[in-house]
Every structure is written in C-alpha cells, then in structure tokens.
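Listed below are the residues making up each chain.
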Amino acid sequence: MSSFSSNFYVLFEACVSELFVLKCVLLLLQMWEDLIRKAKDGGLDVIDTYVFWNVHEPSPGNYNFEGRYDLVRFIKTVQREGLYVHLRIGPYVCAEWNFGGFPVWLKYVPGINFRTDNGPFKAAMQGFTQKIVQMMKNEKLFQSQGGPIILSQIENEYGPESRALGAAGHAYTNWAAKMAVGLGTGVPWVMCKQDDAPDPVINTCNGFYCDDFSPNKPYKPSLWTESWSGWFTEFGGPIYQRPVQDLAFAVARFIQKGGSYFNYYMYHGGTNFGRSAGGPFITTSYDYDAPIDEYGLIREPKYGHLKDLHKAIKQCEHALVSSDPTVTSLGTYQQAHLFSSRNGACAAFLANYHSNSAARVMFNNRNYDLPPWSISILPDCRADVFNTARVRFQTSQIQMLPSNSKLFSWETYDEDVSSLAESSKITVSGLLEQINATRDTSDYLWYITSVEISSSELFLRGGNKPSISLHSAGHAVHVFINGKFSGSAFGTGEDRSCTFNGPVNLRAGTNKIALLSVAVGLPNVGFHFETWKAGITGVLLHGLDHGLKDLTWQKWSYQIGLKGEAMNLVSPNGVSSVDWVRDSLAAGSQSQLKWHKAYFNAPDGIEPLALDLSSMGKGQVWINGQSIGRYWMVYAKGACNSCNYAGTFRPSKCQLGCGQPTQRWYHVPRSWLKPTKNLIVVFEELGGNPWKIALLKRTIHTPATSEPDSKN
C-alpha cells in the first residue's frame, strides 16, 4: 500500500484498519459496552454507525437524542473502549430501514424532490447534517479535536441514482460533497459507491467483493465501507448465510491489492424494534448472519475465524504500509502478492483462485499447500500463519430453551369492526393513498364504504354469489363484509402489490364493505421511492344483475389506525381502558383482529430472551409498552440446498429455513422487564393461539477449537 503525501489522507498512512457497522438505534443502551468490547476482542479498530434522521428528528425541529438514541453517549462509549468511529451521517442510509432513514414528514415539504438538485431537499438535508456535525464539535468528538471520529460519510450508495438522473444527479453530488467539506470537521469525508466523488471526498466500495475497486484518484486510499457479512431477511423468504471462508477470502483479496481498511456490514445486526424495518417486508430480526448475532452472542466459526484473520493482517502491517504489492504468478490460478519495506519487513499473500482444486505452489524456495478459493498469509514471507479456508473453530450450537416464566391468564379484546363508519373522521369520493392518509403513524388504514343491494337480485334467490375483486399497491389487505371476515391478500418482497378475488355474502339492503389495508414497512431503496404508493387502488363487484359495479370512485370513509392503538392498549396505563374478556385455553381463539394480553414474571438467569410466536399468524407485539416489532409466520420459499464456500458468493447460493416460518423467535430485551408482572400485548390480524406463546432463553454452545497450525 502506498503512503500518501497529502495531509488530508494522513490518517491512513499509519494503519490498516478493520471496522464494522453497528446500528446504535437497533441496540439497547445496556448492550453497547458488551458489543463494543466483543468487537475490540475480535480485532476491530473502528465502530461504524449510521445516523437515522427519522428517529432523531421525528417532526420538524423537534429532536430526540435520548436513551438508545443518545448518539453522543454512544460515541463516547466507543471512545472509552479505545476504538475509533466512522460516522455515516447520510442522512439517507438505506439499511433496510423504514423510508431509508428519512422522516416521513420530509415527503410533505412543499416542492420537495428527494436526493436530487432540489432546493427544499438540500435545505433540509443540510440543516440536519449541520445539526449532527455541530453536536459532535461541541463534544470535541472529531479526531481533529482529539476525539474518536476519524471518518464521516455524506450520502449513501448514490452512484446508480446519480447516473439515472444525469446532470441533476451530478450537480447534487457536487453540492453534497462541497456542503459536507465546508462544515470543517477536520476529518475526511467519504461517499460510497460514488465513482465521481469530487476531491477531497473519497469514493469507496460496498459489496461482497471489492478487490477490483480503485478510488477515482491515485492519491486517495482504497476503502471498503461495506463488506457484506451476510444478507438481510424478508418475510416469506429464506435465511441467507455467507460462509466465513469466503468472507475471509474476500477481505484478504482486498488487502493484498492494497486496501487500506474494510468495514463489515454487519458485524452485529441487532433487531428492528417497533416499526423501524423497511423494505417493505423486512423482518424484525436484522441478524444478517453477523459474527455477533442478533442477541449479542458470539457466532462461531465466523467470529473466531475473522479474529484470526485480523491478527494475521496486523502482523503484516509494517510491510503493508511500506510498499505497493509486487505480484508474481505461481500457476494458472495462483498468485503471490509481496510487500516489503526498506528496513527488511516482508509479508506475502499466496492466493489460489480455483474454486474446485487445491494447489501446491513454490514461493521463496518453499512449498505451500493452498485449498481451493483461499489465500494464505505469511507475515514474514515464510510462515503460513493463516489460510482463509482453514477454519479451526467449530460451529456454534444454538438452543432455544424453555424459561421458568409462564404467561398467565390470557384475556382478549375484539378490535371493533361494526362501528367503523360512525367513528370515521374522513369521507371523500375515491380511494386515498395510504401513506398520504396515515403519514406512517400506523401500519393500518381502514377503507369503508357501503353498497345497496336490491331484493330482486338473482343471487338472493339461489343464484351464484357475487364476488369482489380489489387491487392494492401494497402491502396487505384484510376484507370484511358486513362485519364478517372474507379473506386476505399479501404482497411479497418481489411484488409489494396484491390482489384479492373472492365470493362475498351480500344481503338485500345496505351492505358495509370494510377493507383493512396494512403496511409492512416503507420502502428504503429505489429510484424516488418517496413517490411509491401503498393502499387500495381499485374495488369492483362482480355478478350483480346489472353487471360489473365499480366502487372505486364512490364515497369512502377512512379510519387511520386501530381503535386499540388510539386507546393505547399496549401500555400499562392504557390497557385498563377497556373490558377484557378471559380467554379460554380450550377455545384456542382463532378469529381475526383480536388484542390479547397477559402478565408474566421475568425469567431467572442472564441469557438473552425470545418469544416463540409460531402459534400466531401476523401482527405486532409489545412488552411493558415497548414494541418488540412486527411478527408474521409466513413460510419461507427458496432453494435450500447444501452450501459450498468456494466460488463467487451471492445470497441465493446459501439459503436456510425453506418451508418454515421466516422468523419464529422475537428478541425480548431483559432491560425492558421488571422482576414481576410484565405486561405482554399482542395484536393478531389473522387468528392464532396466544396460549402457546412461550418465552425462551437463547443459549449458544461452541465445541472446543483446535490450535492454529500451519499446513506448510
């Protein structure tokens, strides 16, 4: 790796660094220190976190930096542990996060157009960025002030969008870079996946592999801002896993090509509590097959093997920062990358790129055996201290064990369907777009109308039943006719829209049609995703005597959210505002739109906790008023076959969980619990049996590891 003459890049002259993304708002304040220490013990130097605009400025000018949103406290915690920080302000973050991290109110700023050369957007973005930078300056947290922040990021993966927009995208890129640099932080700014990032901003790489990446100027360091350690999960999809042998191989390939540092996305993924998951259809779990799992437990062999990798790389550090590599062919698919310094330091990376065959190579008059798709690291150009494909750690054995905590005496409350029209405050002709109506204050929007049926209709005298067809732009819909459930339709990660077709039981006179439209997270990526629609877009009745009846443009009434939400039934105070009915274990309630509540005592021990919701359908769950998140027992579809580490990785290559619920267990933070009488509230959309919900302890057992050894 070359040294750099520009003072702007001096931070990168002295070290090769490993770092990882840790979304502080997905974590609980009580977990911060433990996770940061595990990262440090794993050989990492830098903690990388996004800054989520929607949680920090939930309404214009009103800021929230309390509790687990205390960004300053988080950064100081990192500093106290002796690590550095890469602060990725964005403020667009993607991250499979609701609306990509943008607050929904931003969509309704007059004249706004997201992420382009647009005055209202640039003004809002600059205001938030300045707010965050000034907070950091006030606490002296930038490295130029003696703090831990050594890097900051403006925008995020904007390159593809910039190219689509042409001149407007290029102008916005230049504006964002100039604006950020003008804030005078004294540390470098980066733009990821932005090939035309203007000086002095550094363009960086995101991906499964970045060894072919080069910065857009020779005097800029080669930075890998996202080395994808796994992949995200969608409801209805499988679990994706990335073999650690391939991840280590990718990192070693990057370093041998002169990479300065790399960042794991994710090293710990965490949990999308509340309604923070985006997509739509992103699961509540954001485990990401990371080295530290969703619950904060170490996942082997990924954690240990990467720790060994980091140790080997750091043993090469002096040679790596002293020269560019000299590349020598060792065979058709084999190469050596040699680094050396004037004072005699020497390090070598021996690579075998063949995905099927091992190779024996000669280097410095010694033989080295290289497994397929692997790199050996020789910190002194002689001893093979680490090979990316030789893993000495056994796979962690995960167990979900019963706790000693029982959920006592379930009670239920029916979400009111019969009086929806009477309580509606909005009546208009036509169908409203859902997010415009709800402003994302709830996942739920009721569409209510009525239709008059003549007593002379043939179907009332034994003819075929009429049917209803409706189309939704997303993401799910439940159909009720005269207060009775008629069926549901659901979008998917591939197609967020859905269509319902089914027979309906109509009667002579007035019939009420109530459609509950359900959002499953707002989009977080895509060209101008702020313009994407959700909710019902068309409703037709078929099979009446006079033919097709289009209900789309007649009068519709609307109710934003559920009555249970309006009464705050999820909170310890609001739960007593209605009369709950004792649920019968034998009855095993299966009806739709029901609220369930129970109490439980905190389990003993210190193990992480999870709810087993496999007996339920789809909905949301709260404990002591805190939202655990959305749940859905939809079964995973995919191609779950054996997984070979060798060869180019893509998420489709290594899938698990086909034919099972995508997410069965839901993280319950112990810090949210009291010793006794904890309140659990569940809102069930489809029907389920709460008596079978169980609170489990998550444990991981890892068999003994072997000592590191050289095969050469």
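About the cut-offs
Residues numbered from 1 in each chain as written. Predicted model: local features only at pLDDT ≥ 70, side-chain atom pairs only at ≥ 80, totals over all residues. Heavy atoms only, no water. Disulfide = S-S within 2.5 Å. Buried < 20%, exposed > 50% of the residue type's maximum accessible area, 1.4 Å probe, protein only. Helix = DSSP H or I, 4+ residues; strand = E, 2+ residues; numbered from the N terminus. Axes fitted to C-alpha atoms, helices over the stretch in contact; angles between N-to-C directions. Parallel < 35°, antiparallel > 145°, perpendicular 65-115°, else oblique. Left-handed = near helix turned anticlockwise from the far one by under 90°. Contact = heavy atoms within 4.5 Å. Nonpolar A, V, L, I, M, F, W, Y, C, P; charged D, E, K, R; others polar. Expected span 1.5 Å × (residues − 1). Pairing = 2+ DSSP bridges. Phe/Tyr/Trp six-rings, centres within 6.5 Å; stacked < 30°, edge-to-face > 60°. Lys NZ or Arg CZ within 6 Å of the ring centre and 35° of its normal.

Visitor: How would you sum up the state of the cysteines? Please name residues and give values.
Guide: In the structure shown here, the tally under the stated rule is four disulfides. Covalently, cysteine 205 is tied to cysteine 210 through a disulfide, its sulfur atoms 2.0 Å apart. Between cysteine 205 and cysteine 210, the S-S dihedral sits near -80°, and the bridge is therefore left-handed. For the pair cysteine 205 and cysteine 210, one class covers both residues: buried. The disulfide that involves cysteine 640 links it to cysteine 658, with 2.0 Å between the sulfurs. Because the sign of the S-S torsion sets the handedness, a value of about 80° for the bond joining cysteine 640 and cysteine 658 places this disulfide among the right-handed ones. One end of the pair, cysteine 640, is in the loop between strand E33 (626-632) and strand E34 (655-656); the other, cysteine 658, is in the loop between E34 and strand E35 (665-668), and 18 residues separate them in sequence. Classification of cysteine 640 as partly exposed rests on a relative accessible area of 31%. Accessibility expressed as a relative area gives 25% for cysteine 658, which makes it partly exposed.

Visitor: Describe the packing of helix H4 (residues 119-138) against helix H6 (residues 167-181), and please don't skip the residues or the numbers.
Guide: Contact geometry of H4 with H6 gives a least axis separation of 11 Å together with a crossing angle of 25°. Between H4 and H6, the crossing angle belongs to the class labelled roughly parallel. With respect to the hand of their crossing, H4 and H6 are arranged in right-handed fashion. On the side of H4, the interface is formed by Phe121, Lys122, Met125, Gln126 and Thr129, while H6 contributes Tyr172, Trp175, Ala176 and Met179. The class makeup of the residues in the contact of H4 with H6 is six nonpolar, two polar and one charged.

Visitor: Pulling in residues and values, what's your account of H6?
Guide: For H6, spanning 15 residues, the distance from its first C-alpha to its last is 21 Å, which sits close to the expected 21 Å at 1.5 Å a residue. Looking at H6, one finds that the buried residues are Gly169, Tyr172, Thr173, Trp175, Ala176, Ala177, Met179 and Ala180. Residues of H6 that are buried sit in contact with H4, strand E4 (149-154), helix H5 (159-165) and strand E5 (189-192).

Visitor: Please set out the sheet that holds strand E30 (residues 594-600) residue by residue, giving values where relevant.
Guide: Pairing within the open sheet is antiparallel, and its six strands lie in the order E29-E18-E30-E36-E32-E33. Each of the sheet's edge strands pairs with one partner strand only, and the pair in question is strand E29 (581-582) and E33. Both strand E32 (residues 618-623) and strand E36 (residues 678-684) contribute to a ladder of five bridges, which runs antiparallel. In the strand pairing of E36, glycine 619 is matched with glutamate 684.

Visitor: Can you break down the environment of alanine 345 residue by residue, with the values?
Guide: By the element assignment, alanine 345 lies in the loop between strand E11 (334-340) and strand E12 (346-352). Counting along the chain gives 26 residues from alanine 345 to alanine 319, while the straight-line C-alpha distance between them is 5.4 Å. When neighbours within four sequence positions are excluded, alanine 345 is seen to be in contact with His318, Ala319, Phe339 and Ser340.

Visitor: Would you mind going over the packing of aromatic side chains in detail, with residue names and values included?
Guide: Scanning the model with the defined rule gives 48 aromatic pairs in all. For the pair tyrosine 444 and phenylalanine 683, a centre-to-centre distance of 5.5 Å together with 80° between the ring planes defines the contact as edge-to-face. Of this pair, tyrosine 444 sits in strand E20 (residues 444-453) while phenylalanine 683 is found in strand E36, placing the two residues 239 residues apart along the sequence. Each member of the pair, tyrosine 444 as well as phenylalanine 683, carries the same accessibility label: buried. The positively charged end of arginine 242 is found above the aromatic ring belonging to tyrosine 209, 5.1 Å away from the centroid. The ring of tryptophan 373 has arginine 253 lying over it, and the distance from NZ or CZ to the ring centre is 5.5 Å.

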